[in-house]
Amino acid sequence: MILTLHDYWSDRGCVILQPYDMEMGAGTFHTATTLRALGPDTWNAAFVQPCRRPTDGRYGKNPNRLQHYYQYQVILKPSPPDLQELYLGSLAAIGVDMTRHDIRFVEDDWESPTLGAWGLGWEVWCDGMEVTQFTYFQQMGGFDMKPVAGELTYGLERLAMYIQDVDNVYDLAFNDAGVTYGDIFLENERQMSTWNFEVADTASLFDLFRKAAAECENSLAAGLAIPAYEQAIKASHTFNLLQARGVISVAERQAYIGRVRDLAKGACAAWMEKNGWAA
Amino acid sequence: MMTDFLLELRSEEIPARMQDKARDDLARLFAAELGKAGLAAGSLVTYATPRRLVLIARDLPAETQAVSEELKGPKASAPPQALEGFLRKTGLTREALTERDGVLYAITERPGRATTDVLAEAIPAIIRGFPWPKSMRWGAASASTESLRWVRPLHGIVALFGEDLVEVEIAGIRSGVATFGHRFHHPGQITIGSAADYVEKLRACHVIVDQDERRALIRERATALAAEAGLVLVEDEGLVAENAGLTEWPVPLLGRFDPDFLSVPPEVIQLTARVNQKYFVCRDAEGALANAFVCTANIEATDGGAQIVEGNRKVLAARLSDARFFYETDLKTPLETQATKLANIVFHEKLGTVADKVDRVATLARWLVEEGIILLGTGRGTGEAGGGGVPQAASPAEAPLHHRPAAGGPPPRAGEEHVVLADMAERAARLAKADLVTGMVGEFPELQGLIGGYYAAAQGEPDAVAEAVRDHYKPVGQGDAVPAALVTVAVALADKLDSITQFFGADLRPSGSKDPFALRRSALGVIALILDNGLRFPLGTAVDQGVLDFFADRLKVQQREAGVRHDLIDAVFALGGEDDLVRLLARVHALQAFVATEDGTNLLAGYKRAANILKKEGVPDREAAVASYAPEPAEAALIAALDAAEPKAAAAIEAEDFEGAMAALASLRAPIDAFFDDVTVNDADPAKRAARLQLLDRVRAAVHTVADFSRIEG
């Protein structure tokens, strides 16, 4: 399926990239999306990104919620006029029969408070299941998009469940030799859920958050946008872990989100400046 | 010859919730643009689907009316400077002016304009000025932030006046005669001839343009599917409209989910089905939630929808599995343990944490019982305000409000029961907010209270406590059920009173249209709890004057809606010192009944006459008014009537028998009328005048024991 998507989007002018090697909550955090979405240059890319969402962990007991899963990201700037048709073409390419499945574009305004980003679009439903997030970015890092980029984020596990017609993500066939998704990831989900929710040392996490924030500022002081951005991602993931541990109160939550947003915005601003782009 | 106009604005999927308002806005903006040119359509129809916004204007003329504008100038005999100024202003020559009755006029003939020209200007103006709640930029043009904004990318404009294309171009989109049918059933282009064939041509391409038709189809088909399965659809107009806004060719389908999920509270199942998946749910013949759902697809699938139903079933199963995960996880932690986490949640930056609030509410709820404001034997009993699905307590035999003594022990005395009631009120208050930190409320905030009620019952709290946890937010707005169970009333009242007094204390009171903490709604809740349960609660013992005045205002609003005359409420309020709402309203109701009678109307007239005289003449000193003369018969009769009525009215008011008080006053009506007929107040003898004014003052005072009649209108 990934290879089919790579072929499909490569044929349509996308560069095919590899995952970013850091923990992140969504493919949107990949520099190929955030930083490259800024500025006037044409940019078309597609890649797989493993995502970590500690609070979505279900100890391997939920048929489709996971704290670690894979997204397929496509970013197209400027957004092409036939983006919906291109997207539907990609679904057909991976085997979704649209005469038997109900595909719907359901309003979902995307916002990432930690990236200072928002866009309008939909969650795309296939028979009631959200399989893709479809967004026209309007702002990133607090900057207006000039021009607007279109972002497609496919939930690979969910699409695979459709195509293989299985009820439970852990029953997905990983190859033709009987290896299932569960064989590979079930124990990982159990252990990571336990660690995320119950074990992770909160004092170290708070410390990690502070250090990442400090390092981000250190990098910004040196005018280095990319290392600063990486530290912002690190702070964001650490914040997510703290959330899963339930140690951030409602009042503090906003303050932490604001802190991460400031870091991410700072990195985006440094990137704009480095490229000589005006806000 | 009148002609119809068709406008179709085709875009990517418009959010369902925005479609109704978009239709209204389109009609309004269109009428306004045409109005500027002096045009009006015979009728306007608008339609919305996910992918198009449509307007059909019927009976437009082919061109606008020719207009003759006349501008008055100087007199023909005026000095040349005046004429020159006028010619400069109008840009005309002297020969072009018309002279009438010695005055010069500039007359400009404006010929009619072709309606197509007006439309060609109107369409871009409408599109650029469209008030979408949220709009966006897209595509290469968005390199400039000034590029066209629309709710989602705009792709096509069909604009036909009769059969003629109205040529428009906006942001690179040229109007045409072609549009597209259903995204999957009919992906190709179709050509529209005119407004007359638009709806049917699209229907042939699997698009039902009329949202009302789609709604009716969903409503009827979903109901029928449930009936065919031996079930009853739980009606939900919001879902009907939303699904109609998500489909161009709606196809309702019924599916089943694993009955094991019915162990999750039915409200949770219904909520997740509705909010997350936009499904209807069904009940069985006994009224219990059934393991069935109705989803609305946008296609007629080649397999009859089997795969669609199966896919939707899986999604719902995952959602319900998640809900069950939260439910079972939450049940592992007792509510009192959850409640300790409330110390981490800020209620308001000036008012501490939710835990602080819980402490105050618990104290207040106990106080309400201990003060005898909430008393066994008052209220309307238990269990009337329920939202259904009351969880059973561990011991179903446990009566909600009665302490059950150990077998063989002495029967409880009223005092003991009262202590138990106070304990329960405090206990319920301490648990009431604990569900705010549960996973379930984190996922579904609208379940606050309700889910706490389930958890309280599951951990073996008495029914009365679980019910109070569940219902303590009630009543939420007008029309919501008002709790009647005593423990619930105590907690509900304490919770709302605490919010109001705390926010007022921090000077965060509502003003104008701003009421961010919904204190007006809380005050209405307090009023409803007191009145519906007949609570004798002197509010002044719990709140200060500022809050009392706030309640008075809210009471007027609430009673006005209930048909009580606001001037009568004012008349009673004006007496001052009344903080018992039950007594206050009893007085108002008696007054309203009384002023509707002939006696009441005439007494009011007599009162007003007396009050007017007193206002004009002033009230003399009592000393000056000692009657040193033989009163006339009507005067003596009025004195006698007052001597009789005053103690009767006072006694009746003391006994809160306001009808009796009104009846006592009614006895004054005839003597007052006779007095005004027979006696001159403004007598030449100052002693008589003073005594009679004094008498009128006494009449006024007697009437004021019931209400300030000067506030009564009419």
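As the structure is a computational prediction, the values presented were derived from the model and not from experiment.

S.K.: Could you clarify how one ought to interpret the overall build of chain B in this entry?
M.R.: From N to C terminus, chain B includes 24 helices and 18 strands. Over its C-alpha trace chain B gives a radius of gyration of 37 Å, far above what one expects of a compact globule, namely 27 Å for 714 residues. Taking all 714 residues of chain B together, 50% fall into the buried category. For chain B, restricting intrachain contacts to residue pairs at least 6 apart in sequence, the fraction spanning at least 24 positions comes to 71%. When the 77 basic and 102 acidic side-chain charges of chain B are each reduced to a single mean position, those positions are 4 Å apart.

S.K.: Is there a simple way to explain the overall build of chain A in this structure?
M.R.: Counting its regular elements, chain A contains 8 helices and 9 strands. C-alpha atoms of chain A, sized along the principal axes, occupy 55 × 45 × 30 Å. A buried classification covers 56% of the 279 residues belonging to chain A. Here the analysis covers contacts within chain A between residues at least 6 apart in sequence; of these, 66% occur between residues at least 24 apart. Counting every atom, chain A has about 10,900 Å² of accessible surface; 50% of that belongs to carbon and sulfur. Charge centroids of chain A, computed over 22 positive and 36 negative side chains, lie 6 Å from each other.

S.K.: Could you clarify how one ought to interpret the side chain of Glu12(B) in this entry?
M.R.: Residue and element names in this part refer to chain B. In this structure, Glu12 sits in the loop between strand S1 (3-11) and helix H1 (19-36). For the buried Glu12, no salt bridge is present, and the opposite-charge side chain at shortest range is Arg183, 6.5 Å distant. A polar atom in the side chain of Glu12 sits 2.7 Å from the side chain of His155.

S.K.: What is the right way to look at the environment of Tyr87(A) in this model?
M.R.: Residues and elements named next belong to chain A. Mapping Tyr87 onto the fold places it in helix H3 (residues 83-93). By relative accessible area, Tyr87 is classed as buried at 0%. Along the backbone, Tyr87 and Val74 are 13 residues apart, and their C-alpha atoms lie at a distance of 9.7 Å. Look past the residues within four positions of Tyr87 in its chain and what remains in contact with it is Trp9, Phe105, Val124, Val131, Thr132, Phe134, Leu152 and Tyr154. Side chain to side chain, Tyr87 and Thr132 meet in a polar contact 2.6 Å long.

S.K.: Please explain the domain arrangement of chain B as it appears in this structure.
M.R.: Interfaces are often sized by the amount of accessible area the parts lose when they come together. Taken domain by domain, chain B holds domain 1 (3-63 + 115-204), domain 2 (67-110), domain 3 (211-326), domain 4 (342-587) and domain 5 (597-711). The gap between the C-alpha centroids of domain 2 of chain B and domain 3 of chain B is 74 Å.

S.K.: It is not clear to me how the interface of chain A and chain B should be interpreted in this structure. Could you clarify?
M.R.: Counting residues at the interface gives 47 residues for chain A and 53 residues for chain B. Across the chain A to chain B interface the summed buried area is about 4,000 Å²; carbon plus sulfur atoms make up 52%. Its largest share of buried area at the contact with chain B, chain A owes to Arg100(A), Arg104(A) and Glu107(A), together 15% of the area lost on that side. Taken together, the links from chain A to chain B amount to 11 salt bridges.

S.K.: Would you explain a nonpolar patch on the surface in this entry?
M.R.: Together, Phe174(A), Val179(A) and Ile184(A) line one region of the surface with nonpolar side chains, adding up to about 240 Å² of accessible area. The class for Ile184(A) is partly exposed, based on a relative accessible area of 39%.

S.K.: Please explain the environment of Glu111(A) as it appears in this structure.
M.R.: Residue and element names in this part refer to chain A. Checked against the element boundaries, Glu111 lands in strand S5 (residues 110-112). Considered as a pair, Glu111 and Gln138 are 27 residues apart in the sequence and their alpha carbons are 9.9 Å apart. Residues within four places of Glu111 in sequence aside, it is in contact with Ala117 and Trp118.

S.K.: Explanation requested: the nonpolar core in the structure shown.
M.R.: Inside soluble globular proteins, nonpolar side chains tend to come together where they are buried. Membership of the largest hydrophobic core comes to 268 residues, with the highest contact counts inside it found for Trp9(A) and Phe5(B). Per element, the largest residue contribution to this core is 12 residues, and it comes from helix H15 (residues 486-505) of chain B. Setting aside residues up to four positions removed in sequence, Phe5(B) forms contacts with Phe30(B), Leu55(B), Ile56(B), Ala57(B), Leu60(B), Leu119(B), Ile123(B), Ala159(B), Leu160(B), Phe161(B), Val166(B) and Ala195(B).

S.K.: What is the right way to read helix H4 (residues 195-204) of chain B from this model?
M.R.: An α-helical turn contains 3.6 residues, so a residue and the one three or four places further along point in the same direction. All names here are of chain B. Restricting attention to buried positions, one finds in H4 the residues Ala195, Tyr198 and Leu202. For H4, the angular spread of the buried residues around the axis is 15°, confining them to a single face. When the buried face of H4 is taken as reference, the exposed residues oriented beyond 90 degrees from it are Ala196 and Ala204. Next to the buried residues of H4 lie S1, strand S3 (52-60), strand S11 (178-180) and strand S12 (189-191).

S.K.: I would appreciate a short explanation of the environment of Ala571(B) in the present structure.
M.R.: Residue and element names in this part refer to chain B. Counting through the fold element by element, Ala571 comes out in helix H18 (residues 566-573). The sequence separation of Ala571 and Ile123 amounts to 448 residues, and the corresponding C-alpha distance is 57 Å. The residues touching Ala571, leaving out its near neighbours within four places in the chain, are Leu591, Ala707, Asp708, Arg711 and Ile712.

S.K.: It is not clear to me how the sheet that holds strand S14 (residues 251-256) of chain B should be interpreted in this structure. Could you clarify?
M.R.: Pairing between the strands of a sheet comes from backbone hydrogen bonds, and it takes one of two forms, parallel or antiparallel. Residues and elements named next belong to chain B. As summarised here, the arrangement of the 4 strands in space is S13-S15-S16-S14, forming an open sheet in which the pairing is antiparallel. The open sheet has two edge strands, strand S13 (232-233) and S14, and neither has a second partner. Across 2 bridges, S13 lies against strand S15 (residues 280-283) in antiparallel orientation. Pairing of Leu233 across the sheet is with Cys282, part of S15. Along the sheet face, helix H5 (residues 211-228) touches S13, S14, S15 and strand S16 (289-297) and points at about 30° away from the line of S14.

S.K.: How do you make sense of the packing of H18(B) against helix H19 (residues 581-595) of chain B when you look at a structure like this?
M.R.: Axes are the key here: two packed helices are described by the angle between their axes and the distance separating the axes. Residue and element names in this part refer to chain B. For the pair H18 and H19, the least separation of the axes is 9 Å and the interaxial angle reads 125°. Regarding the angle of H18 to H19, the classification is oblique. Handedness of the crossing formed by H18 with H19: right-handed. Contact with H18, carried on its side by Leu568, Ile569, Ala571, Val572 and Phe573, involves Leu584, Arg587, Val588, Leu591, Gln592 and Val595 of H19 and no other residues of that element. Considering only residue class, the contact of H18 with H19 consists of 9 nonpolar, 1 polar and 1 charged.

S.K.: What should I look at first to understand unusual backbone geometry in this one?
M.R.: Cis peptide bonds are those with omega within 30 degrees of zero, and the linkage from Lys77(A) to Pro78(A) qualifies with -5°. As for its placement among the helices and strands, Pro78(A) is situated in the loop between strand S3 (68-77) and H3. In this model, Lys474(B) is joined to Pro475(B) through a cis peptide bond whose omega is -5°. With respect to the helices and strands, Pro475(B) occurs in the loop between helix H14 (463-471) and H15.

S.K.: Just to check I follow, could you spell out the packing of aromatic side chains for this structure?
M.R.: Aromatic ring pairs are reported here in terms of the distance separating the ring centres and the angle at which the planes meet. Tallied over the entire structure, the rule returns 34 aromatic pairs over all chains. Taking 5.9 Å as the distance between ring centres and 75° as the angle between the ring planes, the aromatic pair formed by Phe105(A) and Phe134(A) counts as edge-to-face. Here Phe105(A), found in strand S4 (residues 103-107), pairs with Phe134(A), found in strand S7 (residues 129-140); they are 29 residues apart in sequence, far enough to count as distant. Each member of the pair Phe105(A) and Phe134(A) is classed as buried. Following the ring pairs from residue to residue traces out a cluster consisting of Tyr72(A), Tyr87(A), Phe105(A), Trp122(A), Phe134(A), Tyr136(A) and Tyr154(A). For Arg152(B), the ring lying beneath its charged end belongs to Trp122(A), and the centroid distance is 5.4 Å.

About the cut-offs
Residues numbered from 1 in each chain as written. Chains lettered and ligands numbered in written order. Predicted model: local features only at pLDDT ≥ 70, side-chain atom pairs only at ≥ 80, totals over all residues. Heavy atoms only, no water. Helix = DSSP H or I, 4+ residues; strand = E, 2+ residues; numbered from the N terminus. Rg over C-alpha atoms; globule rule 2.2 N^0.38 Å. Buried < 20%, exposed > 50% of the residue type's maximum accessible area, 1.4 Å probe, protein only. Contact = heavy atoms within 4.5 Å. Lys, Arg positive; Asp, Glu negative; His and termini not counted. Charge placed at Lys NZ, Arg CZ, Asp CG, Glu CD. Areas by Shrake-Rupley, 256 points an atom, 1.4 Å probe, with all protein chains shown as cover. Salt bridge = Lys/Arg side-chain N within 4 Å of Asp/Glu carboxyl O. Polar contact = N/O pair within 3.5 Å; in protein donor to acceptor, adjacent residues only side chain to side chain. Domains from an automatic or database assignment. Buried area = accessible area lost by both parts, 1.4 Å probe. Patch = residues over 30% accessible without salt bridge, like charges linked within 9 Å, V, L, I, M, F, W, Y side chains within 5 Å. Core = buried A, V, L, I, M, F, W, Y, C linked by side-chain atoms within 4.5 Å. Arc of directions from axis to C-beta. Pairing = 2+ DSSP bridges. Axes fitted to C-alpha atoms, helices over the stretch in contact; angles between N-to-C directions. Parallel < 35°, antiparallel > 145°, perpendicular 65-115°, else oblique. Left-handed = near helix turned anticlockwise from the far one by under 90°. Nonpolar A, V, L, I, M, F, W, Y, C, P; charged D, E, K, R; others polar. Phe/Tyr/Trp six-rings, centres within 6.5 Å; stacked < 30°, edge-to-face > 60°. Lys NZ or Arg CZ within 6 Å of the ring centre and 35° of its normal.

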